[in-house]
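Residue-level listing of the chains:
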Amino acid sequence: MGTGKSLKMRKSLEEQLTQGWRSLGMAYPTARCVLLEVQVPAALVQFGQSVGSVVYDCFEAALGSEVRIWSYTQPRYEKELNHTQQLPALPWLNVSADGDNVHLVLNVSEEQHFGLSLYWNQVQGPPKPRWHKNLTGPQIITLNHTDLVPCLCIQVWPLEPDSVRTNICPFREDPRAHRNLWQAARLRLLTLQSWLLDAPCWLPAEAALCWRAPGGDPCQPLVPPLSWENVTVDKVLEFPLLKGHPNLCVQVNSSEKLQLQECLWADSLGPLKDDVLLLETRGPQDNRSLCALEPSGCTSLPSKASTRAARLGEYLLQDLQSGQCLQLWDDDLGALWACPMDKYIHKRWALVWLACLLFAAALSLILLLKKDHAKAAARGRAALLLYSADDSGFERLVGALASALCQLPLRVAVDLWSRRELSAQGPVAWFHAQRRQTLQEGGVVVLLFSPGAVALCSEWLQDGVSGPGAHGPHDAFRASLSCVLPDFLQGRAPGSYVGACFDRLLHPDAVPALFRTVPVFTLPSQLPDFLGALQQPRAPRSGRLLERAEQVSRALQPALDSYFHPPGTPAPGRGVGPGAGDGT
């Protein structure tokens, strides 16, 4: 090497690979050599010193193979440098079934690091990766049977530099994989004439148009006059259509078996139509014939057959001549026409429709008589809530009760929610209007008694007029006594009025005897009975009454706690007026 001549190093790699999945009985023996020549200028060569190094990192070697490396000068001297490298053994793969699952069992040593990837192998185009993971040691990978398709392949390689990735596709002949492939396949309409087949893998198939009539009859292939076309996955295909129609569908066959059928134009053009498809066949010398496609076959027109198209053949031909039929396809050998049948069906069934209309009119008249009752039942019973505004705390308690009752099938009216109308109309006029509307709709008036309300009632019963109390201008209860009392005195109150009072605030016996001619309930202890009295008079007792009572009680409890136990102050309303509770 010191003669000034160029130093040449030859690096030859030779491998003999015998690899495979032993459980599958596969082997892939290969052998290849690579020659690398390196030239070093003589000026850089000095005795006893290193000239440099060569890194060659693009030689592929498979798992389990042996790589031999030797180098020598050119011309050759006696001494050669030889090295043999044994690559890690290829892991074994077993594929086993466990019910609906598939297990991939990889038997490798515990310290072996390797990569595993699942992908869809494509006949055209790059593979589509599905799953990848770096693993260590023995592994069992579980796949659901629905994930299996014929092109699902496995790639495995050791996590080392220059490792060769080994691939295997074990599901190519698996019947479940082929079933899953067709279940995953979809037809997609791109334009009026173009569409494609989406599927994970390549599959042999052919497609043709068919006509599907309403009523559940099988889709009838339009072959002839059209023909079957070979289908390539993810490749745009075209049918020579002039117009789309919801009854036109695409059938996809494989191995002479129907695998897929979709009516691509139904999404944009609506549901199936009751149209008749006419097939026009053209022959020499301008001869042409027409037939109507029916479940029994193609009926020639005109015809004396007993089919529907034959009976309407004369009208169909007239529609075709007048341009009322839609041309779907046209060719030198024939054409396809879709002719509507709606108007003929309407004529045939005109008398039946008339009879139905008369019956519907009679039924509507009957229903109209029950309209008010049904409407009230649907909206819930009306309830007018009257109370004495003893103080602001009691008003908040009343508001909580009214809000809770609104969650039930009740339409609650209370002056708290109508202050603007109350101010504009005045308490007396507002109450009279609300009471009249409530009773006319079959509703109920709820008298919510409190110590202040009992005091006002006592004044009315003794003097016949209300004394100048300290009540505000919005106290509808005070204004309502002028017309509430006549209903009680004349016996009209039962069925239209209900009384109530709150536990710990007023005992029912404190309510004047005249008002106890209607039920008086304590709340919340008698909530189920109170809610039952608010139902429609003839309404059946609902099994959810206790559930609704619990719902109202939960909504009412915070307001009760705030009223009877306000933080740091005595409870308002205790010991006020006759019959007040003891606050326990």
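Residues numbered from 1 in each chain as written. Predicted model: local features only at pLDDT ≥ 70, side-chain atom pairs only at ≥ 80, totals over all residues. Heavy atoms only, no water.

1. A word on the sheet that holds strand β17 (residues 237-238)
Strands belonging to one sheet form pairs held by backbone hydrogen bonds; the direction of such a pair is parallel or antiparallel.
Stage number 1. Across the sheet, three strands lie side by side as β12-β13-β17; this open sheet has antiparallel pairing. The open sheet has two free edges, formed respectively by β12 (186-189) and β17, since each of these has just one partner strand.
Stage number 2. Here four bridges tie β12 to strand β13 (residues 194-198), and the two strands are oriented antiparallel to one another. Bridge pairing in β13 links L187 to L197. (Pairing = 2+ DSSP bridges. Helix = DSSP H or I, 4+ residues; strand = E, 2+ residues; numbered from the N terminus.)

2. Here we look at the sheet that holds strand β8 (residues 128-136)
Stage number 1. Sheet architecture is open: four strands sit in the order β8-β7-β10-β11, paired in antiparallel fashion. This sheet does not close on itself; its edge strands, each paired only once, are β8 and β11 (166-168). On average, each strand axis in the sheet is tilted by 20 degrees relative to the strand beside it, whichever way the strands run.
Stage number 2. Pairing of strand β10 (residues 152-158) with β11, which is carried by three bridges, proceeds in the antiparallel orientation. Counterpart to Q155 in the pairing with β11 is N167. (Axes fitted to C-alpha atoms, helices over the stretch in contact; angles between N-to-C directions.)

3. What to know about helix α4 (residues 313-321)
One full turn of an α-helix is made of 3.6 residues, so residues set three or four places apart face in the same direction.
Stage number 1. Within the span of α4, buried status applies to G313, L316, D319 and L320. Looking down the long axis of α4, one finds its buried residues gathered within 120 degrees of arc, a one-sided arrangement. Of the exposed residues in α4, those oriented more than 90 degrees away from the buried face are E314 and Q321.
Stage number 2. Looking at the residues trailing α4, positive phi occurs at G323, about 80 degrees. (Buried < 20%, exposed > 50% of the residue type's maximum accessible area, 1.4 Å probe, protein only. Arc of directions from axis to C-beta.)

4. Brief notes about the packing of helix α8 (residues 392-406) against helix α14 (residues 545-564)
Stage number 1. The contact between α8 and α14 brings their axes to 9 Å, and the two run at 175 degrees. Here α14 runs roughly antiparallel to α8, going by the angle between their axes. Taking contact as the criterion, the partners of G393, F394, L397, A400, L401 and A404 in α8 are, on α14, V552, A555, L556, A559, L560 and Y563.
Stage number 2. Split by residue class, the contact of α8 with α14 holds 11 nonpolar, one polar and no charged. (Parallel < 35°, antiparallel > 145°, perpendicular 65-115°, else oblique. Contact = heavy atoms within 4.5 Å. Nonpolar A, V, L, I, M, F, W, Y, C, P; charged D, E, K, R; others polar.)

5. Quick look at the state of the cysteines
Stage number 1. According to the stated counting rule, one finds six disulfides in the structure shown.
Stage number 2. With a sulfur-sulfur separation of 1.9 Å, C151 is cross-linked through a disulfide to C201. Given an S-S torsion of about -70 degrees, the disulfide between C151 and C201 has left-handed geometry. Linking C151 in the loop between β9 (139-144) and β10 with C201 in the loop between β13 and β14 (205-211), this pair joins segments that are 50 residues apart in sequence.
Stage number 3. Assessed through its relative accessible area of 2%, C201 is described here as buried. (Disulfide = S-S within 2.5 Å.)

6. Brief notes about the nonpolar core
Generally speaking, soluble globular proteins have nonpolar side chains that are buried together.
Stage number 1. Formed by 54 residues in total, the largest nonpolar core has its most connected members in L143, W195, L222 and V250.
Stage number 2. Beyond its immediate chain neighbours, meaning those up to four positions away, L222 contacts L209, C210, W211, L248, L277, L293 and L336.
Stage number 3. The next biggest cluster of nonpolar side chains, apart from the first, holds 36 residues, and it includes A500, L505, A549 and L560. (Core = buried A, V, L, I, M, F, W, Y, C linked by side-chain atoms within 4.5 Å.)

7. Some remarks on the packing of aromatic side chains
Stage number 1. Tallied over the entire structure, the rule returns nine aromatic pairs.
Stage number 2. On the basis of an interplanar angle of 85 degrees and a centroid distance of 6.1 Å, the ring pair of F394 and F502 is categorised as edge-to-face. Here F502 lies in strand β28 (residues 497-502) and F394 lies in helix α8, a separation of 108 residues in the sequence.
Stage number 3. Assessed through its relative accessible area of 0%, F394 is described here as buried.
Stage number 4. Overall, F502 belongs to the buried group, its relative accessible area being 0%.
Stage number 5. Counting every residue linked through ring pairs, the aromatic cluster contains Y387, F394, F502, Y563 and F564.
Stage number 6. The ring of W120 is capped by R130, whose NZ or CZ atom sits 3.9 Å from the centre of that ring. (Phe/Tyr/Trp six-rings, centres within 6.5 Å; stacked < 30°, edge-to-face > 60°. Lys NZ or Arg CZ within 6 Å of the ring centre and 35° of its normal.)

8. Describing the environment of Q261
Stage number 1. Structurally, Q261 can be placed in strand β19 (residues 257-262).
Stage number 2. Separated by 75 residues in the primary sequence, Q261 and R186 have C-alpha atoms spaced 9.2 Å apart.
Stage number 3. Discounting residues that sit within four places of it in the chain, Q261 has contacts with C210, C219, C249, V250 and Q251.
Stage number 4. One polar contact links Q261 to Q251, side chain to side chain, over a distance of 3.0 Å. (Polar contact = N/O pair within 3.5 Å; in protein donor to acceptor, adjacent residues only side chain to side chain.)

9. Some details on the pairing of strand β21 (residues 288-294)
Stage number 1. For β21, the tally of buried residues reaches five of seven residues, placing the bulk of the element in the interior.
Stage number 2. As defined by bridge partners, strand β20 (residues 275-282) adjoins β21 across six bridges and the pair is classed as antiparallel. The residue of β21 that forms the bridge with R282 is R288.
Stage number 3. Hairpin remark: β20 followed by β21, antiparallel, with five residues in the connecting loop; positive phi at Q285, about 55 degrees.

10. Quick look at the environment of L505
Stage number 1. Mapped onto the secondary structure, L505 falls in the loop between β28 and β29 (520-523).
Stage number 2. Its relative accessible area of 1% is what places L505 among the buried residues.
Stage number 3. Spatially, the C-alpha atom of L505 lies 7.1 Å from that of S450, the residues being 55 residues apart in sequence.

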